[in-house]
Amino acid sequence: MDNLELLRAIKDVLVNEYGMKAETISLKLNDSIESLGLDSFGVVQLVYELEIKMGIKIDTNSLRDVKYIKDFLELIKKGSVKV
Amino acid sequence: MFGNVYFARYFEWQGMAREEFFKHMIQDKNYLMQNDLKLITVTAHVDYKNECFLYDDIDIAISVSEVTLTTAKIEFVYKNVMNDKVVAMGYQKIGFADKSGNIVHIPVDIVLGAKDYVKDSEINDFNKILSKLRNI
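The model shown is predicted, which means the values in this text are computed figures rather than measured ones.

### Quick notes on the overall build of chain A
Helix and strand counts for chain A come out as three helices and two strands. Each helix (α) and strand (β) of chain A, taken in turn from the N terminus, gives the series α-α-β-α-β. Against the compact-globule benchmark of 12 Å for 83 residues, chain A has a radius of gyration of 12 Å, which places it among compact chains. By principal-axis analysis of the C-alpha atoms, chain A measures approximately 35 × 25 × 25 Å. A total of 83 residues make up chain A; the buried ones form 40% of that total. Partitioning the intrachain contacts of chain A with sequence separation of at least 6 by distance along the chain shows that 59% fall at a separation of at least 24. On chain A, roughly 4700 Å² of surface is accessible, and the fraction owed to carbon and sulfur atoms is 50%. Across chain A, the 12 positively charged side chains and the 14 negatively charged ones have centroids separated by 1 Å.

### What about the packing of helix α1 (residues 3-16) of chain A against helix α3 (residues 69-77) of chain A?
Residue and element names in this part refer to chain A. Where α1 meets α3, the axes come as close as 11 Å, and the angle between the chain directions of the two elements is 100°. In terms of orientation, α1 lies roughly perpendicular with respect to α3. On the side of α1, the interface is formed by Asn 3, Leu 6, Leu 7 and Ile 10, while α3 contributes Ile 69, Phe 72, Leu 73, Ile 76 and Lys 77. By residue class, the composition of the contact of α1 with α3 is seven nonpolar, one polar and one charged.

### A closer look at the packing of aromatic side chains
Summed over the entire model, instances satisfying the criterion amount to seven aromatic pairs over all chains. Both rings, one in Phe 21 of chain B and one in Tyr 117 of chain B, keep their centres 4.8 Å apart while their planes meet at 90°; by these two values the pair is edge-to-face. Separated by 96 residues along the polypeptide, Phe 21 of chain B in helix α1 (residues 9-26) and Tyr 117 of chain B in the loop between α3 (108-114) and α4 (123-134) bring together distant segments of the chain. Exposure remark for Phe 21 of chain B: the relative accessible area of 6% places this residue in the buried category. Under the relative-accessibility criterion, Tyr 117 of chain B is labelled partly exposed at 24%. Chaining the aromatic ring pairs together yields one cluster made of Tyr 10, Trp 13, Tyr 48 and Tyr 78 of chain B. Directly above the aromatic system of Tyr 68 of chain A lies the positively charged group of Lys 70 of chain A, at a separation of 5.7 Å from the ring centroid. Cation over ring: Lys 73 of chain B sits above Tyr 91 of chain B, and NZ or CZ is 4.2 Å from the ring centre.

### Some points on the environment of Lys 57 of chain A
Residue and element names in this part refer to chain A. The topology assignment puts Lys 57 in strand β1 (residues 56-57). Judged by relative accessible area, which is 40%, Lys 57 ranks as partly exposed. As a C-alpha pair, Lys 57 and Met 20 span 37 residues in sequence and 25 Å in three-dimensional space. Within polar-contact distance, the side chain of Lys 57 engages the side chain of Glu 51 at 3.5 Å.

### A few points about unusual backbone geometry
All names here are of chain B. At Tyr 55, a position not held by glycine, the phi torsion is positive, near 75°. As for its position among the elements, Tyr 55 is in the loop between β1 (38-48) and β2 (58-65). On the basis of relative accessible area, Tyr 55 is assigned to the exposed category, the value being 70%. In this structure, Glu 66 is a non-glycine residue whose phi angle is positive, near 50°. Under the relative-accessibility criterion, Glu 66 is labelled partly exposed at 46%.

So, how was this worked out
Residues numbered from 1 in each chain as written. Chains lettered and ligands numbered in written order. Predicted model: local features only at pLDDT ≥ 70, side-chain atom pairs only at ≥ 80, totals over all residues. Heavy atoms only, no water. Helix = DSSP H or I, 4+ residues; strand = E, 2+ residues; numbered from the N terminus. Rg over C-alpha atoms; globule rule 2.2 N^0.38 Å. Buried < 20%, exposed > 50% of the residue type's maximum accessible area, 1.4 Å probe, protein only. Contact = heavy atoms within 4.5 Å. Areas by Shrake-Rupley, 256 points an atom, 1.4 Å probe, with all protein chains shown as cover. Lys, Arg positive; Asp, Glu negative; His and termini not counted. Charge placed at Lys NZ, Arg CZ, Asp CG, Glu CD. Axes fitted to C-alpha atoms, helices over the stretch in contact; angles between N-to-C directions. Parallel < 35°, antiparallel > 145°, perpendicular 65-115°, else oblique. Nonpolar A, V, L, I, M, F, W, Y, C, P; charged D, E, K, R; others polar. Phe/Tyr/Trp six-rings, centres within 6.5 Å; stacked < 30°, edge-to-face > 60°. Lys NZ or Arg CZ within 6 Å of the ring centre and 35° of its normal. Polar contact = N/O pair within 3.5 Å; in protein donor to acceptor, adjacent residues only side chain to side chain.

Now the structure itself:
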């Protein structure tokens, strides 16, 4: 998946699972992860929702190193396909 | 006023009620330790409605709401058994972490144990969460 597809997937989850309004969500690569408007539990939940949506396993232990949206996308891309 | 219950005591009672709730729900008091899990209190809140006093018997009813993959809300209603008055209402938002402090999803066993305490209005959302947890 390229960055655009990943950003779209994240936006889908924020709208469908968090009830956010699509028009209020702005996802830019250099924005901080805090710009998602989620607390730390919310970010981990987002990861789990993306795992389910994409059928992959993401290393949540590496979330501590994620500062920006672009870091988050790189983490997702490293996710392995679930067997 | 002399003898009314100090405000902070209500948080202690929340803690006691929560521990009894988990003991009853999981049936295994060592579950958290055996699974290297830490229970995290994200938020704790109390609304004070009526005073209660020394030697009053207080009953605390628990329900569960707003269950997500990583957090849940435990709601408390404190009632004075002597006069049936609600003395306080409160809630906690809880989550879980592994032994390294990394946030993890709520264990399926705990969610299953909480099913009987979920508010009727939230049971559909709860079942969706349970289904997702089984797929993680």
